[in-house]
There are 4 protein chains.
Amino acid sequence: MNRNPIKTAVVGATGYTGLEIVKLLLNHRGAELVSLTAKVDETIAIDRVFPRLMGRLEMECSNLDVDDVCGKADLVFLALPHTVSMLFAPRFLAAGKKVIDLSADYRFPSPVEFEKWYGAPHRDPEGVEGAVYGLPELFRKEIADARLLANPGCYPTATILACYPALRAGLAGPEGIVVDAKTGVTGAGRKASLPLLFPEVNENFKAYSLAGHKHTPEMEGVLSRAVGRDVRLEFAPHLLPVNRGILSTIYLKLEKEVSEEEVYDLYREQYGREPFVRVYPPGQLPELKDAVGTNNCLLGFKVNPRTGNLIVVSAIDNLLKGAAGQAVQNMNIMESLPETEGLI
Amino acid sequence: MNRNPIKTAVVGATGYTGLEIVKLLLNHRGAELVSLTAKVDETIAIDRVFPRLMGRLEMECSNLDVDDVCGKADLVFLALPHTVSMLFAPRFLAAGKKVIDLSADYRFPSPVEFEKWYGAPHRDPEGVEGAVYGLPELFRKEIADARLLANPGCYPTATILACYPALRAGLAGPEGIVVDAKTGVTGAGRKASLPLLFPEVNENFKAYSLAGHKHTPEMEGVLSRAVGRDVRLEFAPHLLPVNRGILSTIYLKLEKEVSEEEVYDLYREQYGREPFVRVYPPGQLPELKDAVGTNNCLLGFKVNPRTGNLIVVSAIDNLLKGAAGQAVQNMNIMESLPETEGLI
Amino acid sequence: MNRNPIKTAVVGATGYTGLEIVKLLLNHRGAELVSLTAKVDETIAIDRVFPRLMGRLEMECSNLDVDDVCGKADLVFLALPHTVSMLFAPRFLAAGKKVIDLSADYRFPSPVEFEKWYGAPHRDPEGVEGAVYGLPELFRKEIADARLLANPGCYPTATILACYPALRAGLAGPEGIVVDAKTGVTGAGRKASLPLLFPEVNENFKAYSLAGHKHTPEMEGVLSRAVGRDVRLEFAPHLLPVNRGILSTIYLKLEKEVSEEEVYDLYREQYGREPFVRVYPPGQLPELKDAVGTNNCLLGFKVNPRTGNLIVVSAIDNLLKGAAGQAVQNMNIMESLPETEGLI
Amino acid sequence: MNRNPIKTAVVGATGYTGLEIVKLLLNHRGAELVSLTAKVDETIAIDRVFPRLMGRLEMECSNLDVDDVCGKADLVFLALPHTVSMLFAPRFLAAGKKVIDLSADYRFPSPVEFEKWYGAPHRDPEGVEGAVYGLPELFRKEIADARLLANPGCYPTATILACYPALRAGLAGPEGIVVDAKTGVTGAGRKASLPLLFPEVNENFKAYSLAGHKHTPEMEGVLSRAVGRDVRLEFAPHLLPVNRGILSTIYLKLEKEVSEEEVYDLYREQYGREPFVRVYPPGQLPELKDAVGTNNCLLGFKVNPRTGNLIVVSAIDNLLKGAAGQAVQNMNIMESLPETEGLI
């Protein structure tokens, strides 16, 4: 890494995702953190917001001033809520900055689809056109040239990586898929909310947004485009009483008889050289804890001849491979850095 | 309750289920606890095993002596591991006692099926024939006359109650069903085990026994007999980092178009007078915590017209409606006591 | 219980304490629930707020209308925040109702002390004079005649019961006491708050309000009056990642040599006939989980001859013996009902 | 780091501490992992024991063969139970290897004291004499020359660092100290055990080993030697329902009036240049979660003029600064590597 480090800014630094990006950049040898902003009452030292940064990062976090950020940074991470990113991304792009957006604003190929599922008009339709969907395992080449990168949703990352090989190979059919997904609580963001209080979540478990979660069209859209068939799935998210991680159990209808060894070979062929995908051998299934704290997507599976189902279990850390880690992985690709730099 | 209380014994009193039976019987106005046994190194006061009983129950727990128990009790709860109950149930029955068995030993209509899934020969084939499957919402009449009652498994209770009305009415088809079930850790019993250590389960989540869990034939068998069609389901259990409770998300294929109001009416018609089933209105889903500590089965649902699925969410306390609570409910029916006595 | 049940109202029914009072009253054979109020946007069925009450209680919860409550109830539980109770208690008393107040407003013998620690003027100084401090183990006789009962704080309950026998007997000195207390999260109430979000509390532990917690003068004051010496203690509360329960480890300076058997005898003499105190024998210590779900205060201890300390471990359920359970116990005493009615 | 990496072995690689050492060494630029051993039934790939290592470390773990390890490694980490390390350490030393022992076997200056508290004869009394106590903040110079390093206990690390400045400066007295310590469950090791099952620990909290924990003489001994006065403390450990971390609340008797600013200055003077100690300013206290995942000891405090106490709150990750992290820090010092290498 004999070049100057990339100057990076994190916009939205006081959320759980923002903190993860900051922590990753502190250990990154090809990037430098030059600006932190967030919606704050007044400028505040970041180690007052997150005391675990004490002694590691002395930097202030102030309200976003686009010009100020543009004066300092070359690449901007937007860790903002949906419908807010689209207000700022064009300004950073216009100033010649690269943007990695962690919201949903640029994940759809058309503004219309966004508007349909998110119930709000899209403020930057041109931006949508130029954006690249940042799932390296499927779109590495496009990512390398991206200026506006749409970082995938956490649930879609776990689902798409799990389904893609089986669907692409025609092993499983594109209909009748069930995705029973379970996420840790950081997935809901860091804001005061009665249903997210400790006593409401602890010793509890629940489904939510059945038949209508906004990540559904993202999964279906990306998979459909990637395999060239219309993929339709039932996506059912649940809230786990853990801080981090997503584990999805995915039920696919087999279209032919297949052994678990054959499935294993298929997935290994697809992902064998991927630095951040681990395919488990038959007889072994991923557990949530083995994904948490890493940028890996863990994939395991089971064939059930009684029912004709292929069951794929997929586990990621929602804040890493599902958000900040994948964002840094994408930055590495966009900046021609080693893809694993800064990511354990 | 102007009759003498039933004299009851708990065999296997040092497990999680045993403790729950004991606690329920302490608040039961129609039953009396006369004997506690378990596999113990030496006779021990039960409040040394479970200090929360201190001041509430002064009774010793010793190794099982069938004759001794027969001399004291009229009804015996067997909270024993699978394949152990079948060694003792016939002896209690022969002595004229009623038996409520909480293991799987008598849940199948034929010893053959038991042997196939549990991998062990059945030692009491005649017993199997006379046993009654103790799910009151389906078999209340038979339960009233039972002498050997097979208390249902925890997962089957949650699944059967959730599926029965839709399958019986032909609303959903008997194939292609997916049961994604999640249980608290007490479901695994109270015995030293590395994978059940706190640091292995806490902040973790995992699937287990995919495509081969022993509760599968119990669910399929009871549902098939109850609705008169061959029911086939994919049962996928998972381990939640909570102490108690089961929440199952069940995906059924709709065979006709239906509104959520119609589903609600159907389930209310079935369960409206049941003391321990709660049907949630459209738009509201059960959460695990609202079942825990009660003998209720909570049922909610969602119709997804995009996929043609009926999703039913079913929640119980695995130790109450899934074990000890249902056992006491069955005792109440068998003894012509008010069905809700001793059960909040 | 051949008399008419007491008609009771719960003011502040949507908090964690309010819910516990409701649940206890539903199982109480001498009391009837006739009114539920809380600060709500609009009148709402209580089983929408707490779905676990579905099928058990059909009652609406509306904003407080004092006249309306007075028209229905004979005894009012005030589960309100500090400084709010004092605005309403006088009005209920004036209407001839009995009041059990679960806030701190009437726990001090003088308004001045309240104002000093709570930083707000007391609006009902006369009320303070007539109020009775509701710790049955020390003040049962006064409670029987109370019209305005000040239900003790959760921390003070656990501390006072633990220290009283040793201090009264002169076994330990009234100075140099350290109370290291740990509470579950429901102790902080049910309101949206960033520091109480699941990911902020889970896998975390912290001290708070060191050297200045508002329960300090309540403990010191009651103990000083009860033993006739000026008791001074260091009270250090901590937040545990559990829903319920308080466990306090209390360090007292022994004033004489003593065996654990002697301490045991002393505590048993004090509490042996108390329905809700359990004294553990030497060698056994209470754990939090054995107090949770009960109205018991569990007390265990250890003598350390090396340091000259008597260590007392005290455990309660903060919502039961620390709030709602003790409130019902007090109601039973005030209404000449069996003291344990409705309390397991 | 232009020298050959140190060749290291981990003996006892399948415990929680062993895994942490392995993970740290994988990110260490000055050390290489050449051997993993543990008590295993048969040689097993380490990523089967810990699937999170899949794709990161392909190495087998076999039963300990001292000669084999000596043939490969230059420095050996012993992550073994107490009384086992002393059987092997001498053999590695005799072969010219450096040893970092994470058990208690070499933490005492005399075998007699070990035998008194651990109830077992010491098998390597000569070893004891040459061992260096590995707390870098107090003994950095001695550590640099150590060949047999006794890595401190987790509780002693948190306590000694918290007390040392105040005791050394005579600010607080050496008697009447109370150390109320709380640890996560990994502190108890990774072995099947009923009291460490998830349902026994979760939603629970308890004190243990009051007045007799084996870490007591380690704390008292090191502090006494370091400050030249006889330090006596009441050490009371508790078990928290979290995976990792120790938070100790320590009560010291002030010997003079002092402001919090003065205490802050004193601690900063002591630790201001330490890479792994963070002193919190007055008004801010460390929380457990901010220590977990780091090699830091976090220190905060409160002066209580009412009681004359200085309260110090100390937080570490029991597996890092309390075990594996401190071991690697010690290795760095012993090998003249940058002290922070491999430690975030």
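What you see is a predicted model, and the numbers here were worked out from it, not measured in a lab.

### Here's the deal with the interface of chain C and chain B
How big an interface is tends to be stated in terms of the accessible area lost upon association of its parts.
Argument step 1. Between chain C and chain B, the residue contacts involve 21 residues of the former and 21 residues of the latter.
Argument step 2. Roughly 1,800 Å² of surface becomes buried between chain C and chain B when both sides are summed, with 47% attributable to carbon and sulfur atoms.
Argument step 3. Between chain C and chain B we count 0 salt bridges in total.
Argument step 4. Applying the counting rule to chain C against chain B returns 11 residue pairs in polar contact (both at pLDDT 80 or more).
Argument step 5. Those elements giving two or more residues to the side of chain C that touches chain B turn out to be α2 (46-49), β13 (277-279) and α12 (288-291) of chain C.
Argument step 6. Taken together, the residues of the side of chain C that touches chain B sort by class into 6 nonpolar, 6 polar and 9 charged.

### Comments concerning the relation of the copies chain D and chain C
Argument step 1. Least-squares fitting of chain D to chain C yields an RMSD of 0.0 Å, with the transformation described by 0.0 Å of translation along the axis and a rotation of 180°. Expressed as a symmetry operation, the mapping of one chain copy onto the other fits a two-fold axis.
Argument step 2. Mapped onto chain C, 100% of the interface residues of chain D are again interface residues, and the two copies thus contact each other with one and the same surface.

### Concerning the pairing of strand β2 (residues 31-37) of chain B
All names here are of chain B.
Argument step 1. Most of β2 is tucked away, with 6 of its 7 residues classed as buried.
Argument step 2. Viewed along the sheet, the connection from strand β1 (residues 6-11) through helix α1 (residues 16-26) into β2 turns out right-handed.
Argument step 3. Two strands pair when backbone bridges link them, and β2 and strand β4 (residues 60-62) are joined in this way by 2 bridges, in the parallel orientation. Pairing of L36 across the sheet is with C61, part of β4.

### Focus: the interface of chain D and chain C
Argument step 1. Taken residue by residue, the interface counts 41 residues in chain D and 41 residues in chain C.
Argument step 2. Carbon and sulfur atoms supply 58% of the area buried between chain D and chain C, which totals about 3,600 Å² over both sides.
Argument step 3. Where chain D meets chain C, there are 8 salt bridges.
Argument step 4. A salt bridge links K206 of chain D to E287 of chain C, with the nearest nitrogen and oxygen atoms 3.6 Å apart.
Argument step 5. Grouping the constituent residues of the side of chain D that touches chain C by class yields 18 nonpolar, 9 polar and 14 charged.

### Thoughts on the nonpolar core
Residue and element names in this part refer to chain C.
Argument step 1. Formed by 84 residues in total, the largest nonpolar core has its most connected members in L36, F77, L252 and L310.
Argument step 2. Looking at this core element by element, the count peaks at 10 residues for helix α8 (residues 154-168).
Argument step 3. In terms of domain composition, this core takes at least three residues from each of domain 1 (6-151 + 323-334) and domain 2 (155-316).

### What to know about unusual backbone geometry
Argument step 1. In this model, E203 of chain B sits at a positive phi of 60°, which is unusual for a non-glycine residue.
Argument step 2. Along the chain, the position of E203 of chain B falls in the loop between α9 (198-201) and β10 (206-207).
Argument step 3. The backbone of A211 of chain D sits at a positive phi, close to 65°, despite the residue not being glycine.
Argument step 4. Mapped onto the secondary structure, A211 of chain D falls in the loop between β10 (206-207) and α10 (216-227).

### Describing the relation of the copies chain C and chain B
The operation linking the two copies of the chain is a rotation about an axis combined with a translation along the axis.
Argument step 1. Mapping chain C onto chain B leaves a residual RMSD of 0.0 Å; the transformation is a rotation of 180° accompanied by 0.0 Å of translation along its axis.
Argument step 2. Residue by residue, 100% of the interface of chain C is reproduced at the interface of chain B, so both copies engage with the same surface.

### Things to note about the environment of N330 of chain C
Argument step 1. Mapped onto the elements of the fold, N330 of chain C is located in helix α13 (residues 324-334).
Argument step 2. Filtering out sequence-adjacent residues up to four positions away, N330 of chain C remains in contact with I100, G134, P136, I143, L149 and N151 of chain C.

### Comments concerning helix α5 (residues 111-118) of chain D
All names here are of chain D.
Argument step 1. Along α5, the positions that sit buried rather than exposed are F114, W117 and Y118. One side of α5 carries all its buried residues, which in axial view fall inside an arc of 85°. Opposite its buried face, α5 presents the exposed residues V112 and K116, each directed more than 90 degrees away.
Argument step 2. Summarising the contacts, the buried residues of α5 are in contact with α4 (85-94) and α10.
Argument step 3. One or two residues past the end of α5 sits G119, with phi positive at roughly 65°.

### Things to note about helix α11 (residues 260-271) of chain B
Residue and element names in this part refer to chain B.
Argument step 1. Taking 1.5 Å of rise per residue, 12 residues should cover 16 Å, and α11 covers 16 Å from first to last C-alpha, within 8% of that figure.
Argument step 2. If you check which residues of α11 are buried, you get E260, V263, Y264, Y267 and Y271. Along the axis of α11, the buried residues cluster in a sector spanning 100°; they form a single face.
Argument step 3. Packed against the buried residues of α11 are α7 (136-144), α8 (154-168), β13 (277-279), β14 (297-304) and β15 (309-316).

### Side note on the domain arrangement of chain A
All names here are of chain A.
Argument step 1. Looking at the assigned domains, one finds that chain A contains domain 1 (6-151 + 323-334) and domain 2 (155-316).
Argument step 2. For domain 1 versus domain 2, the separation of C-alpha centres amounts to 25 Å.
Argument step 3. With 21 residues of domain 1 in contact, the opposing surface of domain 2 contributes 25 residues.
Argument step 4. Carbon and sulfur atoms make up 59% of the area that domain 1 and domain 2 hide from each other, which totals about 2,000 Å².
Argument step 5. The largest per-residue losses of area from domain 1 upon contact with domain 2 belong to Y16, W117 and E137, which jointly make up 31% of the total buried on that side.
Argument step 6. Remark: the boundary between domain 1 and domain 2 carries 3 salt bridges.
Argument step 7. Across the pair R107 and E218 runs a salt bridge, and its minimum N-O distance is 3.2 Å.
Argument step 8. For the side of domain 1 that touches domain 2, the secondary-structure elements that each account for two or more residues are α1 (16-26), α5 (111-118), α7 (136-144) and α13 (324-334).
Argument step 9. Broken down by element, the residue count for the side of domain 1 that touches domain 2 peaks at 4 residues, all from α7.

Rules of the game
Residues numbered from 1 in each chain as written. Chains lettered and ligands numbered in written order. Predicted model: local features only at pLDDT ≥ 70, side-chain atom pairs only at ≥ 80, totals over all residues. Heavy atoms only, no water. Contact = heavy atoms within 4.5 Å. Buried area = accessible area lost by both parts, 1.4 Å probe. Salt bridge = Lys/Arg side-chain N within 4 Å of Asp/Glu carboxyl O. Polar contact = N/O pair within 3.5 Å; in protein donor to acceptor, adjacent residues only side chain to side chain. Helix = DSSP H or I, 4+ residues; strand = E, 2+ residues; numbered from the N terminus. Nonpolar A, V, L, I, M, F, W, Y, C, P; charged D, E, K, R; others polar. Least-squares fit on C-alpha atoms with pLDDT ≥ 70 in both. Buried < 20%, exposed > 50% of the residue type's maximum accessible area, 1.4 Å probe, protein only. Right-handed = clockwise from strand over helix to strand, strands pointing away. Pairing = 2+ DSSP bridges. Core = buried A, V, L, I, M, F, W, Y, C linked by side-chain atoms within 4.5 Å. Domains from an automatic or database assignment. Arc of directions from axis to C-beta. Expected span 1.5 Å × (residues − 1).

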